[in-house]
There are 2 protein chains.
Amino acid sequence: MYNFTFNIPTKIHFGKDTISSLSELKAYGSKVLLVYGGGSIKKNGLYDTAMKILKDAGLTVFELSGVEPNPKIETVRKGVEICKNEGIDMVLAIGGGSTIDCSKVVAAGAKYDGDAWDLVLDGSKVKAALPIFDVLTLSATGTEMDPFAVISDMSKNEKWGTGSPYMVPTMSILNPEYTFSVSKKQTAAGTADMMSHTMENYFSMENADCQKFMAEGLLRTMIKNGPVALAQPDNYEARANLMWAGTHAINGVVGDGCSPAWCVHPMEHELSAFYDITHGEGLAILTPAWMEHILNDDTLPMFVEFAKNVWGLSGDDDYALAHAGIDALKKFFFETMGIPANLRAVGITDDRNFEVMAKKACEGSKGSFVPLSKDDIVEIYRAAF
Amino acid sequence: MYNFTFNIPTKIHFGKDTISSLSELKAYGSKVLLVYGGGSIKKNGLYDTAMKILKDAGLTVFELSGVEPNPKIETVRKGVEICKNEGIDMVLAIGGGSTIDCSKVVAAGAKYDGDAWDLVLDGSKVKAALPIFDVLTLSATGTEMDPFAVISDMSKNEKWGTGSPYMVPTMSILNPEYTFSVSKKQTAAGTADMMSHTMENYFSMENADCQKFMAEGLLRTMIKNGPVALAQPDNYEARANLMWAGTHAINGVVGDGCSPAWCVHPMEHELSAFYDITHGEGLAILTPAWMEHILNDDTLPMFVEFAKNVWGLSGDDDYALAHAGIDALKKFFFETMGIPANLRAVGITDDRNFEVMAKKACEGSKGSFVPLSKDDIVEIYRAAF
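Notes on the structure follow. (Residues numbered from 1 in each chain as written. Chains lettered and ligands numbered in written order. Predicted model: local features only at pLDDT ≥ 70, side-chain atom pairs only at ≥ 80, totals over all residues. Heavy atoms only, no water.)

## Quick notes on the relation of the copies chain B and chain A
Mapping chain B onto chain A is achieved by rotating through 180 degrees and translating by 0.0 Å along the same axis, at an RMSD of 0.0 Å. Here the transformation between the copies is reduced to the relation of a two-fold axis. Residue by residue, 100% of the interface of chain B is reproduced at the interface of chain A, so both copies engage with the same surface. (Least-squares fit on C-alpha atoms with pLDDT ≥ 70 in both. Contact = heavy atoms within 4.5 Å.)

## Some words on helix α2 (residues 46-56) of chain A
Residue and element names in this part refer to chain A. Where α2 is concerned, the buried positions are L46, Y47, A50, M51, I53 and L54. Take α2 and look down its axis: the buried residues cluster within an arc of 165 degrees, on one side only. Turned more than 90 degrees off the buried face of α2, the exposed positions are D48, K52, K55 and D56. Taken together, the buried residues of α2 touch β3 (31-35), α1 (40-43), β4 (60-64), β5 (90-95) and β6 (132-136). (Buried < 20%, exposed > 50% of the residue type's maximum accessible area, 1.4 Å probe, protein only. Helix = DSSP H or I, 4+ residues; strand = E, 2+ residues; numbered from the N terminus. Arc of directions from axis to C-beta.)

## As for the side chain of A:T247
Residues and elements named next belong to chain A. Looking at the secondary structure, you find T247 in helix α8 (residues 236-248). Take T247: its relative accessible area is 0%, and that puts it in the buried class. A polar contact is formed between the side chain of T247 and the side chain of E144, at a distance of 2.6 Å. A polar side-chain atom of T247 sits 3.0 Å from the main-chain carbonyl oxygen of M243. When near neighbours in sequence (up to four residues on either side) are disregarded, T247 contacts G142, E144, M145 and L174. (Polar contact = N/O pair within 3.5 Å; in protein donor to acceptor, adjacent residues only side chain to side chain.)

## Quick notes on the sheet that holds strand β9 (residues 171-174) of chain B
Read across the sheet, seven strands follow the order β1(A)-β2(B)-β9(B)-β6(B)-β5(B)-β3(B)-β4(B) without closing on themselves; strand pairing throughout is mixed. Bordering the open sheet on either side are β1 (4-6) of chain A together with β4 (60-64) of chain B, each of which pairs with just one other strand. Strand-to-strand, the axes of this sheet are offset by a mean angle of 20 degrees, without reference to chain direction. Direction of pairing for β1(A) relative to strand β2 (residues 11-14) of chain B: antiparallel, over a ladder of three bridges. In the strand pairing of β2(B), A:T5 is matched with B:H13. Strands in contact with helix α2 (residues 46-56) of chain B are β3 (31-35), β4, β5 (90-95) and β6 (132-136) of chain B; relative to β4(B), the strand with the most contacts, it is inclined by about 145 degrees. (Pairing = 2+ DSSP bridges. Axes fitted to C-alpha atoms, helices over the stretch in contact; angles between N-to-C directions.)

Here you go:
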């Protein structure tokens, strides 16, 4: 286990009726920027409920709406401008990972003199941020309790993750009921996203039993509850378990001390940056291809553990067992959860960008479980094609 | 999963050489009360190292030494007096759970007008506390990242747990090397203590897969690494895994949303209050007796899960499997870890206090997995006798 500092100060209000905790925001000032996406929160009543609580608490609400599924730097810049012009005291995101990620960089940009894209390229430039709050409506990215945000500049085909301790939310409201209306496609993609976070942390050479055995517990939670949420969208317990497992997948509990760097995410970010696909679907497609590519005598023991402890498989031949674990993951993603099984199925019909994408992703995978060369990544893209 | 607020703001510095983080204390004032136990930190050099860092940071250090294994209210009162007389700004505990628990109530007592025992009887009376810091030297209680403290008044045979959000440490330093010198007896008792915390959280009727599957991971971590630490006291990875698992056992990760109340701890607190035994040994002795007492058709499914997922057992007869899981726990505690197997073996040679102890413990077990009557508890004490 390597040295680490564990620090997740976000206060989580989890469960039914927790929206009333929005009244706590009045302790942080009087002007709040409300950030949301395409307007589904207006249809389901969450917007009205939140506005009433905020106004009853004496807060003045400004709005930034229309945050994209892969949030764009242009939208961030709009939010920063509102914050600076209006003297905003805090940012409140209501939505999924994209809305919250956008809000985080808006909050940091409000305290930064230059262009917010600088903060996406280099999180260490974030030296302060407005307090960040959120109401989560999609279980997937874990951004509700982590320091990270992913922002795209589609004009440059660039999508980068950034992070700063100043961008950790102060308080997040997690009500599983808000995810009842999430579509089958997004429920499946969200489950794949949180499973990917857990696996990125899990596959490491560190002797970190504590983190790894807990990660196995998270994966089992997602594998059990993902299909229930697909079949019964309003099953509270299934939605609650997915929501809380998704938060723990990336808040440090199963990563700190164990996982030095990720590598499937950098590969997927290139897919999204070039083709604007759904992040969780990209991860689901790439992960088994990545596993098959890196399976060797050194990594074999981890794959055997994965097959046994996550999928409950057994057998005497370690390689057969490792492959069976990977096959179980494929079957789960592409049959049980109904995720498209390859890149062509999500609309990527040519391979002409693979070399340039691989070159960029290669930088991001440095220091990971098995560091990947540009050629490795091209092979993985082709295997997933 | 029931509603909960998850909030563990403690910053953890985990690993080798993290003691240098003590210099962060200067941000909290100039006068620190250093609290420690019997003086082992003077023998192993930790006292000198800490003093140098504190003094280099410009802090003035006052001292409260001699904190007992089951910390006494008299010692808390001494600490409170120093804080009030000297205008202490913060409290730094260096030691195990007892030393840290004592420091927490000292820190709260310093901001309270009445007698500190009031705060032990009723944590809601804590309305403020000095900032609390600690350097952990024993993996067991998890107090380094929780709001709880247990204090005894031996003159009244009373030992009570108290808790307040104000008593959560601001920062804790966890260096597994500091636990290399922990004796076999205390290593075993500490492992039993953290396993008990995990099991108190785990055995619940809530549909909380996320918390339960992670708890299984923690138990497997302890079961794997406890015996390694006994056999190789200076095995860094084993000590690190025990240390971090012990922290997670009670910081809310596997308890919040899942475990409404505990019941083995209240029973053990009476043993310690009347006989001053080692807490972890008392828990190890009582837990299997409690399990056998509450195993019935309603609780059977949880015990089957415990046998399968924690101990890797299998079988067609659920009751046989449940008993095999409990037997595996007994074998682990009393053979593998060498913990005394019954109350007589820890010096409790008469049963005359069982009725009065059971009456008090009964209050504490309200709302737990299986609420226990006074008679139930007497039976459990007798079974463990």
